[in-house]
Amino acid sequence: MKFSVKRALTSLTLSLMLLHSLVFAGYAQAAMISTQNAIQYEQQSLQKAELLSALEKQQVQEKLIALGVDVDAVKDRVAVMTAEEVRQMNSELNEMPAGQDLIGALVFVFLVFVITDMLCATNIYSFVNCVNR
């Protein structure tokens, strides 16, 4: 039997591909989720949708721009808020009197972003320094 470089390279390539597929193969897991978890997920999604719809109002956008905040950055931050942050934000909005909801909400959003900038979670405002650096 003759030694063939082409055959050896093909063999080596196929062996490496097989080894790669065995080593780096992902494992899928399936599990049941409770009704309570599904409900909490849906509530969080609805609460985020409410916050994002409030940001679509012209008055809110004008006030954010007046405060020096990029509206798109606010929308991105709301999209990645934790469930607790969304709950807190919505409870603040719901507790405010009807005439103060817009200004109070904007001040609250501004303060949340200042705090997250200070904690190095975001980098929205250039005038806020990160305390961890």
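Look up: the structure comes first, before these words.
The notes below deal with the structure included here. Numbering of residues begins from 1 in every chain and follows the order in which that chain's sequence is written. Given that the model is predicted, a residue must reach a pLDDT of at least 70 before its local features are reported, and side-chain atom pairs must reach 80 or more before they are shown or counted; all residues, however, enter totals for whole chains, interfaces and linings. Side-chain numbers here rest on the full set of heavy atoms in the structure, without hydrogens or water.

### Digging into the side chain of Thr116
Relative to the helices and strands, Thr116 resides in helix H6 (residues 101-118). Of the polar contacts made by the side chain of Thr116, one reaches the backbone oxygen of Phe113; its length is 3.0 Å. What makes two residues a contact is simply this: any of their non-hydrogen atoms within 4.5 Å. Once residues lying within four places of it in the same chain are set aside, the contact partners of Thr116 are Arg77, Ala121 and Thr122. Put simply, DSSP H or I for four residues or longer makes a helix, DSSP E for two residues or longer makes a strand, and each gets a number counted from the N terminus. Two N or O atoms count as a polar contact when they lie within 3.5 Å, although within protein this holds only if one can serve as hydrogen donor and the other as acceptor, and sequence-adjacent residues are included solely when both atoms are side-chain atoms.

### What to know about the packing of helix H2 (residues 35-55) against helix H4 (residues 71-79)
Axis definition: a line fitted to C-alpha atoms, limited for helices to the stretch in contact. Angles are taken between N-to-C directions and run from 0 to 180 degrees. At their nearest, the axes of H2 and H4 sit 10 Å apart, and the two run at 175 degrees to each other. One finds that H2 runs roughly antiparallel with respect to H4. From H2, Lys48, Leu51, Leu52 and Leu55 reach across to H4, where they touch Val74, Lys75, Val78 and Ala79. Think of it as three bins: nonpolar holds Ala, Val, Leu, Ile, Met, Phe, Trp, Tyr, Cys and Pro, charged holds Asp, Glu, Lys and Arg, and polar takes everything else, Gly as well. The residue inventory of the contact of H2 with H4, partitioned by class, reads 6 nonpolar, no polar and 2 charged. Orientation is classified from the angle alone, with under 35 degrees giving roughly parallel, over 145 giving roughly antiparallel, 65 to 115 giving roughly perpendicular, and any other angle giving oblique.

### Examining the nonpolar core
Take the buried Ala, Val, Leu, Ile, Met, Phe, Trp, Tyr and Cys residues and link them wherever side-chain atoms come within 4.5 Å; each set so joined is a nonpolar core. When accessible area is computed with a 1.4 Å probe and restricted to protein chains, residues below 20% of their type maximum are described as buried, those above 50% as exposed, and intermediate ones as partly exposed. Core analysis: the largest hydrophobic core is formed by 19 residues, its most contacted members being Leu64, Val74 and Met81. Taken together, the elements giving at least two residues each to this core come down to H2, helix H3 (58-66), H4, helix H5 (83-95) and H6. For this core, the leading source of residues is H6, giving 6 residues. The contacts of Met81, once residues within four sequence positions are left out, are Gln44, Lys48, Leu51, Val86, Met89 and Val112.

### Overview of the side chain of Lys48
Mapping Lys48 onto the fold places it in helix H2. Classification of Lys48 by relative accessible area gives buried; the value is 17%. Excluding residues that lie within four positions of it along the chain, Lys48 makes contacts with Val78, Ala79, Val80, Met81 and Val86.

### Observations concerning the environment of Leu51
Note that Leu51 resides in helix H2. The class for Leu51 is buried, based on a relative accessible area of 5%.

### Things to note about a nonpolar patch on the surface
A contiguous nonpolar surface patch, about 1100 Å² in accessible area, is contributed by Phe3, Val5, Leu9, Leu12, Leu16, Leu18, Leu19, Leu22, Val23 and Phe24. Inspection of the secondary structure assignment puts Leu9 in helix H1 (residues 5-23). Patch membership needs two things, relative accessible area over 30% and no salt bridge, and members are linked within 9 Å if like-charged or within 5 Å if nonpolar (Val, Leu, Ile, Met, Phe, Trp, Tyr). All accessible areas in this document rest on Shrake-Rupley with a 1.4 Å probe, and a residue is counted as covered only by the protein chains that are shown. For salt bridges, the criterion is a side-chain nitrogen of Lys or Arg within 4 Å of an Asp or Glu carboxyl oxygen.

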